[in-house]
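# A look at the structure
Chain by chain, the residues run as shown.
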Amino acid sequence: MDFNTIAANISASTIIILKRFVQLIIMPYKTMRKISLETDYTQVYIILAIIFIYFQIAFRVREYNYQPLLTFIFFLINSAFTVLFFYLFAKIFKKTSPLSTYIFTFAYSLIPTFIWFLSNSALYYFLPPPRTISVLGKAFSLFFLSFSISLLLWKVILFYLFVRFSTKLPFFSIIFLISLYLAIIAPYTVILYRLDISRIPFL
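These numbers come from a predicted model, not from an experiment. (Residues numbered from 1 in each chain as written. Predicted model: local features only at pLDDT ≥ 70, side-chain atom pairs only at ≥ 80, totals over all residues. Heavy atoms only, no water.)

### Quick notes on the overall build of the protein
Along the protein, the regular secondary structure elements total eight helices and zero strands. For the protein, the succession of helices and strands along the chain, N to C, is α-α-α-α-α-α-α-α. Taken over C-alpha atoms, the radius of gyration comes to 18 Å for the protein, in line with the 17 Å a tight globule of 203 residues would show. The principal-axis extents of the C-alpha atoms in the protein amount to approximately 55 × 45 × 35 Å. (Helix = DSSP H or I, 4+ residues; strand = E, 2+ residues; numbered from the N terminus. Rg over C-alpha atoms; globule rule 2.2 N^0.38 Å.)

### Thoughts on unusual backbone geometry
Of note in this structure, K168 is not a glycine but carries a positive phi near 60°. Assignment of secondary structure puts K168 in the loop between helix 7 (135-167) and helix 8 (171-194). Take K168: its relative accessible area is 46%, and that puts it in the partly exposed class. (Buried < 20%, exposed > 50% of the residue type's maximum accessible area, 1.4 Å probe, protein only.)

### Section: the layout of surface pockets
Computed from the structure, the second largest pocket encloses a volume of approximately 560 Å³. Along the walls of the second largest pocket sit 21 residues, with T113, L152, K155, P201 and L203 positioned nearest its centre. Residue assignment for the lining of the second largest pocket shows that the elements contributing at least two residues are helix 6 (111-126), helix 7 and helix 8. Top contributing element to the lining of the second largest pocket by residue count: helix 7, with eight residues. A breakdown of the residues in the lining of the second largest pocket according to their chemical character gives 17 nonpolar, three polar and one charged. (1 Å grid on protein atoms, 1.4 Å probe; cavity = no way out; pocket = protein on both sides within 12 Å on 5 of 7 lines; lining within 4 Å. Points joined across faces, edges and corners; volume = space filled by probe spheres on them. Nonpolar A, V, L, I, M, F, W, Y, C, P; charged D, E, K, R; others polar.)

### Considerations on the packing of aromatic side chains
Throughout the structure, instances matching the rule amount to 29 aromatic pairs. Here F143 and F147 contribute two aromatic rings whose centre-to-centre distance is 6.4 Å and whose plane-to-plane angle is 15°, an arrangement assigned as stacked. Of this pair, F143 and F147 both sit in helix 7, four residues apart, roughly one helical turn. The class of F143 is exposed, set by a relative accessible area of 53%. Looking at F147, the relative accessible area reads 27%, which means it is partly exposed. Seen from their ring centres, F159 and F162 are 5.3 Å apart, and the 65° between their planes marks the pair as edge-to-face. A residue pair is termed a helical-turn pair when its members lie 3 or 4 positions apart in one helix, as F159 and F162 do in helix 7 at three residues. For F162, a relative accessible area of 0% puts it in the buried group. (Phe/Tyr/Trp six-rings, centres within 6.5 Å; stacked < 30°, edge-to-face > 60°.)

### Re helix 2 (residues 28-35)
Because an α-helix completes one turn every 3.6 residues, residues spaced three or four positions apart along the sequence face the same direction. Within helix 2 the residues assigned to the buried category are P28, T31, M32 and I35. Taken down its axis, helix 2 places every buried residue within 95° of arc, on the same side. (Arc of directions from axis to C-beta.)

### Observations concerning the environment of F75
Relative to the helices and strands, F75 is located in helix 4 (residues 68-92). The contact partners of F75, leaving out residues within four places of it in the chain, are L48, I51, F55, L110 and F202. (Contact = heavy atoms within 4.5 Å.)

### Some details on the side chain of T31
Here T31 is to be found in helix 2. For T31, the residues in contact, after removing those within four places along its chain, are R20, Q23 and L24.

### Quick look at helix 8
Here helix 8 spans 34 Å end to end across 24 residues, near enough to the 34 Å set by a 1.5 Å rise per residue. By the largest-angle criterion, I185 marks the main kink of helix 8, which is about 25°, and a proline, P187, follows within four residues. (Expected span 1.5 Å × (residues − 1). Bend = angle between axes of the 7 residues up to and from the residue.)

### Overview of the pattern of salt bridges
Evaluated as defined, the whole model comprises one salt bridge. One salt bridge in this structure joins E38 and R20, with 2.6 Å as the shortest N-O distance. Remark: R20 occurs in helix 1 (residues 3-26) and E38 occurs in the loop between helix 2 and helix 3 (42-61); sequence separation between them is 18 residues. An identical accessibility class is assigned to E38 and R20; each is buried. (Salt bridge = Lys/Arg side-chain N within 4 Å of Asp/Glu carboxyl O.)

And the structure:
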């Protein structure tokens with residue numbers, strides 16, 4: 001495969017990602033259904049590359065105790081655990097969706113997380129603490145809180161659809177699995193926080 005072909009494939013996959021980013025806002029259910037049938041792994045590689053670049057930039061904006069490569073490795077471990085958790089439990093329920101379905105839908109469910117982390121780093125750079133408690137400062141804090149809640153709701157929807165289209169389980173089984181997942185991931189999150197690796201897991 002020559003350079004022009006590789007460049008063309010990357011460009012085409014990037015355009016698809018941008019298109020689906022908009023579609024996930026407008027019609028998340030229909031879009032995630034299409035994503036669950038995806039086979040172009042270049043899209044996943046691009047998403048991972050963007051997240052890797054973000055960790056590199058974030059480390060320069062705000063210095064952390066650990067190198068960005070280590071943080072990225074923990075992110076990959078978290079992601080692999082999440083995908084395998086739902087994949088293996090779906091096997092127990094006799095559901096046989098291919099592993100690729102889990103990978104693609106989970107990768108796209110990371111978009112709200114990425115936007116929030118990117119926005120948080122940008123605000124830290126342009127408006128570093130301590131921030132004022134003026135009317136303008138309070139209005140900005142209220143705006144960012146509303147923005148964060150909106151992204152959280154979008155994240156919840158996409159994560160549910162990730163589990164829904166991957167496992168093909170009924171609603172209450174999905175809620176049970178997500179609750180079990182959160183019960184397992186919560187202590188792990190506390191450990192990462194105590195080690196000062198991550199205050200909020202990139203999931």
